[in-house]
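Fold and contact review
Letter by letter, the chains look like this.
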Amino acid sequence: MSELRELYQETILDHGKNPRNFRSRDDADQTADGHNPLCGDKVTVYVKLDGEIVEDVSFQGVGCAISTASASMMTEALRGKTLDEVNVIFAAYHDFVTGRCVALNPPPPVLGKLVVFAGVREFPMRVKCATLAWHTLRAALDRQNKPVSTE
Ligand code: ZN
């Protein structure tokens, strides 16, 4: 395993064990629930908006290290971003982990620390874990009323 891969693994394990912004928010503007039946991951995402700006994102749920870490890192990546920027990051991240983005080297700069999820593209089951929180966030922003399922 290369040093870079080890660093990526460590970051994912760290966020999986000590998720950031792991809390509910009663005054959230929008929330949504997501479920990945294949792995058993469940997540609720809370979004607080200030106009077009994501003032705060937080989450709660139970799941594997990848789903928890991806939700944790998503909350850090999106705080303070505009809704347009969120769309750009969402699309880049989705293409990146599903392998649709060919240009891995260098990865799109907009991804920042999210590049640690590069390894999941080799494991289709894990891609669902790594994108659950993101699809759930999308549903929250789109004000969809039914829970998100990766199936
Ligand atoms: Zn999972």
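The structure we're discussing is the one just above.
Residues numbered from 1 in each chain as written. Predicted model: local features only at pLDDT ≥ 70, side-chain atom pairs only at ≥ 80, totals over all residues. Heavy atoms only, no water.

**Topic: the coordination of the zinc ion**
Around the zinc ion, the protein contributes the donor atoms Cys39 (SG), Asp41 (OD), Asp41 (OD), Cys64 (SG) and Cys129 (SG), at 2.2 to 2.7 Å from the metal centre. Each donor residue of the zinc ion belongs to the same chain, and together they define the spacing C-x1-D-x22-C-x64-C. Remark: Cys64 occurs in the loop between strand E3 (53-62) and helix H2 (65-78) and Asp41 occurs in strand E2 (residues 41-50); sequence separation between them is 23 residues. Accessibility expressed as a relative area gives 0% for Asp41, which makes it buried. Assessed through its relative accessible area of 16%, Cys64 is described here as buried. (Donors = N, O, S within 2.8 Å, 3.2 Å for Na, K, Ca; no water. Helix = DSSP H or I, 4+ residues; strand = E, 2+ residues; numbered from the N terminus. Buried < 20%, exposed > 50% of the residue type's maximum accessible area, 1.4 Å probe, protein only.)

**Details of the packing of aromatic side chains**
In this structure the tally under the stated criterion is four aromatic pairs. Aromatic pair Tyr93 and Phe117: ring centres 6.0 Å apart, planes at 85°, arrangement edge-to-face. Linking Tyr93 in helix H3 (residues 83-98) with Phe117 in the loop between H3 and helix H4 (124-141), this pair joins segments that are 24 residues apart in sequence. With relative accessibility at 1%, the residue Tyr93 sits in the buried group. (Phe/Tyr/Trp six-rings, centres within 6.5 Å; stacked < 30°, edge-to-face > 60°.)

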